[in-house]
Amino acid sequence: MTLARPISISQNLVDNCIFGPLFSLPSEKLLKDYVCYIHQKLHETAGHLYISRNYICFHPSRLDTSHKKHVIPIQTISSVEKVSSADLPLLLKITTNKEFLFSLYRETEEAYLLIQDLLKQHIVDEDIKSTLVTAEEIIEESLGLLPSDLVYLRQTKTQSLELFLRNVFQLPFSSCLLEYYACTFERSRYFMVPGRLYVTQDYICFYSNIFESEHIIIPFGSLTDIRKTSYNLVLPSYIEFLTKDNKYPFTSFYSCRGTYEFLRDVWRDYEVPQQSDWVQPPAVTFNSEKSTKGERHEDEYGFVVNQDYITDYEENFFYLKKKREKQRTKWEKFILSGLDDTRQSPVLNALIHHSILPEHRADLWYKLIGAYTKPPSSKFSYDYYVNQECFASDEIDKDIPRTFPSHVYYQSDKNQEKLRRVLVAYANKNRSIGYCQSMNVLAAMLILVMEEERAFWTLATIVEDKLPDYYSKNMIGTMVDQRVLEYLAEKHVPGLLNLFRSFSFPLSMITTKWFMCIFIDSMPTHTSLRIFDHFCVFGAEIIFLVCLAIFKTLEPQLLEYTDLEQIMSHVYKTMSGWYNDELLFELVARLGPLDPKEIEEKRIKFREQISKEIESQEKRRDISFLKTTTHF
């Protein structure tokens, strides 16, 4: 029997095989179960909340033996409410002769409505009832599995997940699942990957199938520390796993404190296994991209075209060549007229609307963005900055091999060194910023378009003039513009914004990378370069407008989804295949221009708010530090 068929079966059906025996309710049919925490006084306990036709039951996780399970008959419930506390924005409160408080992350609303319905009807709706068939009926009527497969179906959810983990992560049979959490892995400061964190007694495993499969395996034996800390106001708190060579930050836990304490307990109780034939792997992160069969396809800029979008690329490129031929005469005439003081030229704006021709990008980007003014006003030359000792060289050296790794240009040591020089030079030029992830993406693209020194001055112009404070230590410029974008989204795509809020998932989790990389590496090359053409003239305004155009286009489809992973997968897949740049810029033209006065007013307002929040956060951090280091 293969693993594929059983794993595809609904976990709810597997739970039906064990729910009755677990709570001594043999005739009950399970409707829904949730990962949750139960809160009593100052103590919170992780576990699962089970809802059946006549009962609401809580069972603690297997490690927590201090808390008992609860069985609450529906008929004894006097009220069910959604409440909030100082620490948690949304709790489910169930009142009988006692009060029970549960936190269910983003599923509180669903559980609340289900319990309300049960209170009103005292019996499950016929539609729900008809879906709760037995495992035997599933086998006989739907899957056509062999009778021997019934043994698997009667295993617990934990056992089925353990088989999944062994299949995906190649874990030994002795490694048993203890708990799992919905969370987000912070791959970099600007790119987040939602998924699930699985905890066994020997390993921490992360799995996500959004856009591309992301797997992380961290043996407890390789850990040097587990920390709960604050990062910034985009990610207010997260749990970080440290090994000798790497760190793995995770956020978006519905109870960061409870999860952290659980993980610390497991790590404290971890025992190094006795020697066996199975060798424990080191901590490792790997991406499992879709298999590519046949010939490697590259776009005109040397980037690999995903197999799923080759037809889209070829059709768009055929149209693009025709369009360029029509525009070439107009561009040559404009270039011959001179490039002095052209940034406000109506003729230029009309030409840029159709994108800059590739052969003119190097000169026009350098001129239009204003980078040409940097060398004369700089105290030192590019060569001077390159040859200084760099305090950020370790960070830069880690990111160089990960920058456009599939591009043939950056598979050369010579060209990787060129990228390194540009990043080292800027870190030396502006030591208050140094190096920030996403600079590598911008610099790598600039080097593909223009010569090395010009790429350096253009990067400096973006960081210091076009997107000020985006790449600073506290990233306040980025955070301010994320608030501005959310304000604009409330006006243009309120339904989509409310959808993300219902999952407690901020837009910034998606859009921070778009802003900091100006859509490079998030969309097909030609589309992102056309956005950058506009950015050279219009600055951050074009980023706001493109974000709104993307959300406006995706909103009808995304509103049909009820699962966050489906939503994220649809966003990333649509972005990676967005070759129809004409459609994107038609919508941008309809949405714009933005009112610059309004944007500036909102920036001032949000900067003040965020500055106060940062100050408050730093004070809390200082107090926390004193509490942990001061002894009386």
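What counts, and where the lines are drawn
- Residues numbered from 1 in each chain as written.
- Predicted model: local features only at pLDDT ≥ 70, side-chain atom pairs only at ≥ 80, totals over all residues.
- Heavy atoms only, no water.
- Helix = DSSP H or I, 4+ residues; strand = E, 2+ residues; numbered from the N terminus.
- Contact = heavy atoms within 4.5 Å.
- Areas by Shrake-Rupley, 256 points an atom, 1.4 Å probe, with all protein chains shown as cover.
- Buried < 20%, exposed > 50% of the residue type's maximum accessible area, 1.4 Å probe, protein only.
- Arc of directions from axis to C-beta.
- Axes fitted to C-alpha atoms, helices over the stretch in contact; angles between N-to-C directions.
- Parallel < 35°, antiparallel > 145°, perpendicular 65-115°, else oblique.
- Left-handed = near helix turned anticlockwise from the far one by under 90°.
- Nonpolar A, V, L, I, M, F, W, Y, C, P; charged D, E, K, R; others polar.
- Pairing = 2+ DSSP bridges.
- pLDDT = per-residue confidence, 0-100.
- Polar contact = N/O pair within 3.5 Å; in protein donor to acceptor, adjacent residues only side chain to side chain.
- Core = buried A, V, L, I, M, F, W, Y, C linked by side-chain atoms within 4.5 Å.
- Phe/Tyr/Trp six-rings, centres within 6.5 Å; stacked < 30°, edge-to-face > 60°.

Enquirer: Quick question: what am I supposed to make of the overall build of the chain here?
Expert: Scanning the chain from N- to C-terminus turns up 25 helices and 15 strands. Within the chain, counting contacts between residues at least 6 apart in sequence, those at least 24 apart form 63% of the total. Accessible area of the chain: about 30,700 Å², with a carbon and sulfur share of 51%.

Enquirer: Is there a simple way to think about helix 10 (residues 346-353) in this case?
Expert: Of the residues making up helix 10, those classed as buried are Leu348, Leu351 and Ile352. Buried positions in helix 10, seen along its axis, are confined to an arc of 100° and lie on one side of it. In the core, the buried residues of helix 10 are packed alongside helix 9 (310-336), helix 11 (361-368) and helix 21 (525-538). Ser355 sits one or two residues past helix 10 and shows a positive phi near 85°.

Enquirer: Would you take a moment to explain the packing of helix 16 (residues 439-449) against helix 17 (residues 452-466) for this structure?
Expert: Helix packing geometry: the angle between the two helix axes and the distance between the axes. Running from N to C, helix 16 and helix 17 point in directions that differ by 140°, and their axes come no closer than 9 Å. On the basis of the axis angle, helix 16 is oblique to helix 17. Our pair here, helix 16 against helix 17, has a crossing hand that is right-handed. Residue-level contacts link Met439, Leu442, Ala443, Leu446 and Ile447 of helix 16 to Ala455, Thr458, Leu459, Ile462 and Val463 of helix 17. Per-class residue counts for the contact of helix 16 with helix 17 are nine nonpolar, one polar and no charged.

Enquirer: What's the story with the sheet that holds strand 2 (residues 43-52) in this structure? I'm lost.
Expert: Through backbone hydrogen bonds, the strands of a sheet pair up, either in parallel or in antiparallel fashion. Pairing is antiparallel in the open sheet, where seven strands are placed in the order 4-3-2-1-7-6-5. Since the sheet does not close on itself, it has two edges, and those belong to strand 4 (70-73) and strand 5 (79-83), each with one partner. Averaged over all pairs of adjacent strands, the angle between strand axes in this sheet comes to 30°, irrespective of strand direction. In this structure, strand 1 (residues 30-40) lies alongside strand 7 (residues 99-103), joined through three bridges in antiparallel fashion. Within strand 7, the position partnered with Tyr37 by the bridge is Ser103.

Enquirer: In this structure, what is going on with the pairing of strand 4? I would like to understand it.
Expert: Walk down a regular strand and you will see the side chains alternate between the two sheet faces. The alternating pattern of strand 4 places His70 and Ile72 on a buried face and Val71 and Pro73 on a face that is not buried. Strand direction decides the pairing type here: strand 3 (residues 55-60) and strand 4, joined by four bridges, are antiparallel. When the sheet's bridge partners are listed, Cys57 is paired in strand 4 with Val71.

Enquirer: It is not clear to me how the confidence of the model for the chain should be interpreted in this structure. Could you clarify?
Expert: Reading fine detail from the predicted coordinates is not recommended where pLDDT is low. When pLDDT is averaged across the chain, the result is 80; 78% of the residues are at 70 or more. Contacts of residues 274-294 to residues separated by more than four positions or lying in other chains number 42 contacts, the stretch itself having pLDDT below 50.

Enquirer: Teacher, can you tell me more about the environment of Asn97 here?
Expert: One can find Asn97 in the loop between strand 6 (91-95) and strand 7. For Asn97 and Ser78, which are 19 residues apart along the polypeptide, the C-alpha to C-alpha distance reads 8.2 Å. At 3.1 Å, the side chain of Asn97 forms a polar contact with the side chain of Thr96.

Enquirer: Teacher, can you tell me more about the nonpolar core here?
Expert: Note on soluble globular proteins: their nonpolar side chains tend to be buried together. Counting 118 residues, the largest nonpolar core has Ile462, Tyr471, Phe519, Phe532 and Ile550 as the members making the most contacts within it. Looking at this core element by element, the count peaks at 13 residues for helix 22 (residues 540-558). Core analysis: the next-biggest nonpolar cluster, separate from the first, contains 26 residues, Val193, Ile204, Ile226 and Phe262 among them.

Enquirer: Where do I start with the packing of aromatic side chains in this structure?
Expert: Each aromatic ring pair is characterised by the separation of its centres together with the angle its planes make. Per the stated rule, a full pass over the model turns up 28 aromatic pairs. A centroid spacing of 5.5 Å and a plane angle of 65° characterise the contact between Phe23 and Tyr50, whose relative ring orientation is edge-to-face. One end of the pair, Phe23, is in helix 2 (residues 11-23); the other, Tyr50, is in strand 2, with 27 residues separating them in the sequence. Between Trp331 and Phe334, the aromatic rings sit 6.2 Å apart at their centres with planes inclined by 90°, giving edge-to-face as the arrangement. Of the two residues, Trp331 and Phe334 are both situated in helix 9; the distance of three residues between them amounts to about one turn of the helix. Taken as a pair, Trp331 and Phe334 share a single burial class, namely buried.

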